2 protein chains.
Amino acid sequence: MNHIHLEEVDPLEIEKRSFEIISEELGDRIFKEEQELVIKRCIHTSADFDYADNLCFSKDAVKIGIHGILSGAHIVTDTNMAKAGINKKVLESFGGQLHCFMADEDIARSAKKQGCTRAAASMEKAATMKEDLIIAVGNAPTALVRLYELIKEERIKPKLIIGVPVGFVNVVASKELIMSTEIPYIVAKGRKGGSNIAACICNALLYMIRDQKLDLS
Amino acid sequence: MNHIHLEEVDPLEIEKRSFEIISEELGDRIFKEEQELVIKRCIHTSADFDYADNLCFSKDAVKIGIHGILSGAHIVTDTNMAKAGINKKVLESFGGQLHCFMADEDIARSAKKQGCTRAAASMEKAATMKEDLIIAVGNAPTALVRLYELIKEERIKPKLIIGVPVGFVNVVASKELIMSTEIPYIVAKGRKGGSNIAACICNALLYMIRDQKLDLS
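Throughout what follows, the structure given in this document is the object of discussion. (Residues numbered from 1 in each chain as written. Chains lettered and ligands numbered in written order. Predicted model: local features only at pLDDT ≥ 70, side-chain atom pairs only at ≥ 80, totals over all residues. Heavy atoms only, no water.)

### Regarding the pattern of salt bridges
In the structure shown here, the tally under the stated rule is 36 salt bridges over all chains. Among the salt bridges present, the one from Lys192 of chain B reaches Asp50 of chain B, with a minimum N-O distance of 2.6 Å. Of this pair, Lys192 of chain B sits in the loop between strand S6 (185-188) and helix H11 (195-210) while Asp50 of chain B sits in the loop between helix H2 (33-46) and helix H3 (51-54), and the two are 142 residues apart along the sequence. With relative accessibility at 11%, the residue Lys192 of chain B sits in the buried group. With a shortest N-O distance of 2.6 Å, Arg146 of chain B and Glu149 of chain B are connected by a salt bridge. One end of the pair is Arg146 of chain B and the other is Glu149 of chain B, both in helix H9 (residues 141-152) and 3 residues apart, which spans about a single turn. Residue Arg146 of chain B is classed as buried on the basis of its relative accessible area of 15%. Via salt bridges that share partners, Asp48, Asp50 and Lys192 of chain A together with Asp48, Asp50 and Lys192 of chain B belong to a single interconnected network. (Salt bridge = Lys/Arg side-chain N within 4 Å of Asp/Glu carboxyl O. Helix = DSSP H or I, 4+ residues; strand = E, 2+ residues; numbered from the N terminus. Buried < 20%, exposed > 50% of the residue type's maximum accessible area, 1.4 Å probe, protein only.)

Quick look at the structure:
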C-alpha cells in the first residue's frame, strides 16, 4: 500500500484486540470486576483514559442496573444520538423500551412555556411514566438538575441514573447533585461525558447480560 | 437546593457561555479563522482540549466543505449515531441528503461475502453514488482504509473526508493514509475521535453557513 503500517486483524477480532490494548495500557490498575467492563468500554469508545479515573459508581450500581434491565426497566435518554447508539434489540429482549423525548412536540411546548430546556422538560415527562426507569443523560446538565429536583419532590425514583453530560456550564455541579441523592448512579465526574459515553455505559450493562460476563447471584 | 453551586444561565445562552469558557481557557492560542469554530465545537462536544492540538486540516478544507454543502453535496457517515447527530434540516435546505448504510441488508451480505467490516462495505456503496460526497467516518478505521483504496483505484473522489474514527487498532494508520491522498480532509490525528466528533464537525460546517460566520468569497 505504502509505508504506513496496518496491523492484520480479522474484522471479528478488532474489538477483542482493542480491549487487550486497553488492558495492557492500564497496566496493574485494579478495578472492581463489575466496574471494569464499564470503564474499559468507555475508554474503548473515546480513546480517553481519563475514564479510568473519573467514573464514579454508587454501591452495587452495575448490578442494580443489570437487575433493572433483566426485570424490564425502560431506558430514557436525553439525546437521539444516544438513543441511536444503545442496543435496542438486547434491551427489548428483556421487555424494556428505549425513549428519547427531545424531538416531541409537547416537550418543545412545555419547555417554551416554562422557559426551561427541552432536556429538563423531557425529565418531567419521564416522571409521568409508570415503568421502572434507567435515566441516561449524555448531554444536558439541565436534565440532571431537573431530575434532582423531581427526586427531591418524590415524583420520580429511577432504578439507576447514568449521569454523563458533557460541557462547561453547570456540568460538574449537576453531577454532584445526583451523587448527593439516594438513587444508584454511574457518573463521570468533571466536565467529560457525552451521548457516546451514555450509550456506551448502557451497552456495557446490556452486553454483560448478553455475554453472561457477571455472576449475578 | 443545597451547598452545590449552580451558575444562573438562560437556556438559550448556555452554548454561548460554553464557547466563552472554552475561549478563555484556550488563552492566547491563535487558530485560522475557518478552523477555529471547528476546533472549539469539538472541544464543546467532548470537553477535551486535545482537539486543539490533534485536528489537522488540509489547505482550505473548511471552505471546500462549506462550498460542497452549498452546492448540494450529500454526507455519508459510518454510524447511525453520527447520522442522528448531524443537523439534517440545514443540510437538506441546500439540497444534500444524509446517509448511513451500516444497517442495510445488502451491506451485511457484502461484508460477509468479502470477509470485511460493514463499514468497509458501506464505503463501496458510497463509491457507486453519483452525487458529490462528504464522507464522515467517526467509528471504523476499516472504513477509512477501504476509502483510501477506492481513492487510489479512482473509484471515488469525495469533496471532503472527515476522518475521525476512534480506537486502538489501525486508527492512527488509517488517518495517515487519508492524509497522504490529494483529497481535502479534516482529520483528528491519533486515537481520538468518535461519532460525536464526526457529527460535530459536520454541524460546525452547517452552522457556519446558517449563521453566516465565514466570508466565503
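### A look at the packing of aromatic side chains
According to the stated counting rule, one finds 2 aromatic pairs over all chains in the structure shown. Ring geometry for Phe49 of chain A and Phe168 of chain B: centres 6.0 Å apart, planes at 85°, overall edge-to-face. Taken together, the residues Phe49 of chain A in the loop between helix H2 (33-46) and helix H3 (51-54) and Phe168 of chain B in the loop between strand S5 (160-163) and helix H10 (171-179) connect one chain to another. (Phe/Tyr/Trp six-rings, centres within 6.5 Å; stacked < 30°, edge-to-face > 60°.)

### A look at the side chain of His74 of chain B
Residues and elements named next belong to chain B. The topology assignment puts His74 in strand S2 (residues 74-77). Classification of His74 as buried rests on a relative accessible area of 6%. A polar side-chain atom of His74 sits 2.8 Å from a polar atom in the side chain of His99. If we skip the residues at most four places from it in the chain, His74 touches Gly95, Gly96, Gln97, His99, Met129, Glu131, Asp132, Leu133 and Ile134. (Polar contact = N/O pair within 3.5 Å; in protein donor to acceptor, adjacent residues only side chain to side chain. Contact = heavy atoms within 4.5 Å.)

### Quick notes on the state of the cysteines
If you walk through the whole model with that rule in mind, you get 0 disulfides over all chains. Cys202 of chain A takes part in no disulfide bond, and the closest cysteine sulfur, belonging to Cys200 of chain A, lies 9.0 Å away. Take Cys200 of chain B: it sits in no disulfide, and the sulfur closest to it among the cysteines is that of Cys42 of chain B, at 3.8 Å. (Disulfide = S-S within 2.5 Å.)

### Notes on H10 of chain B
Residue and element names in this part refer to chain B. With respect to burial, H10 is a largely interior element, 7 of its 9 residues being buried. All of the buried residues along H10 are Val171, Ala173, Ser174, Lys175, Leu177, Ile178 and Met179. In this structure, the buried side of H10 is in contact with strand S1 (55-57), H9, S5 and S6.

### Some words on the sheet that holds strand S2 (residues 74-77) of chain A
Within a beta sheet, neighbouring strands are joined by backbone hydrogen bonds and run either parallel or antiparallel to one another. Residues and elements named next belong to chain A. An order of S1-S6-S5-S4-S2-S3 is seen for the 6 strands of this open sheet, with the pairing classed as mixed. Of all the strands in the sheet, just strand S1 (55-57) and strand S3 (98-99) have a single pairing partner and so form its edges. Against the sheet, helix H9 (residues 141-152) contacts strand S4 (133-137) and strand S5 (160-163), and its axis sits at roughly 155° relative to S5. (Pairing = 2+ DSSP bridges. Axes fitted to C-alpha atoms, helices over the stretch in contact; angles between N-to-C directions.)

### Description of empty space enclosed by the protein
Considering all chains together, one arrives at 1 cavity of 30 Å³ or more under this definition. Space inside the largest cavity adds up to approximately 110 Å³. Lining the largest cavity are 14 residues, with Ser46 and Asn196 of chain A together with Ser46, Tyr51 and Asn196 of chain B positioned closest to its centre. Taken together, the elements giving at least two residues each to the lining of the largest cavity come down to helix H11 (195-210) of chain A together with H11 of chain B. (1 Å grid on protein atoms, 1.4 Å probe; cavity = no way out; pocket = protein on both sides within 12 Å on 5 of 7 lines; lining within 4 Å. Points joined across faces, edges and corners; volume = space filled by probe spheres on them.)

### Some points on the interface of chain B and chain A
Each side of the interface is counted separately: chain B has 48 residues, and chain A has 48 residues. It is Met81, Phe168 and Val169 of chain B that lose the most area in chain B upon contact with chain A, and together they represent 20% of the buried surface on that side. In this assembly, chain B and chain A are joined by 4 salt bridges. A salt bridge links Asp48 of chain B to Lys192 of chain A; its shortest N-O distance comes to 3.9 Å. Our count for the contact surface shared by chain B and chain A stands at 5 residue pairs in polar contact (both at pLDDT 80 or more). Of all the secondary structure elements, the ones that give two or more residues to the side of chain B that touches chain A are helix H1 (14-26), H2, helix H5 (80-85), H9, H10 and H11 of chain B. Among the elements that take part in the side of chain B that touches chain A, H1 of chain B stands out by supplying 6 residues, more than any other. (Buried area = accessible area lost by both parts, 1.4 Å probe.)

### Some words on the pairing of S2 of chain A
Looking along a regular strand, one sees the side chains alternate between the two faces of the sheet. Residues and elements named next belong to chain A. Of the two faces of S2, the one holding His74 and Val76 and the one holding Ile75 and Thr77 are both buried throughout. Pairing geometry for S2 and S4, over 4 bridges, is parallel. For His74, the partnering residue across the bridge sits in S4 and is Leu133. Relative to S3, S2 runs parallel, the two being bridged by 2 bridges. The partner of Ile75 across the bridge, within S3, is Leu98.

### Description of the relation of the copies chain B and chain A
Least-squares fitting of chain B to chain A yields an RMSD of 0.0 Å, with the transformation described by 0.0 Å of translation along the axis and a rotation of 180°. Such a combination of turn and shift is consistent with a two-fold rotation axis. Taking C-alpha positions as the reference, the residue of chain B nearest the rotation axis is Met81 of chain B, at 2.4 Å. Looking at chain B, 100% of its interface residues are interface residues in chain A too, so the copies touch through the same face. (Least-squares fit on C-alpha atoms with pLDDT ≥ 70 in both.)

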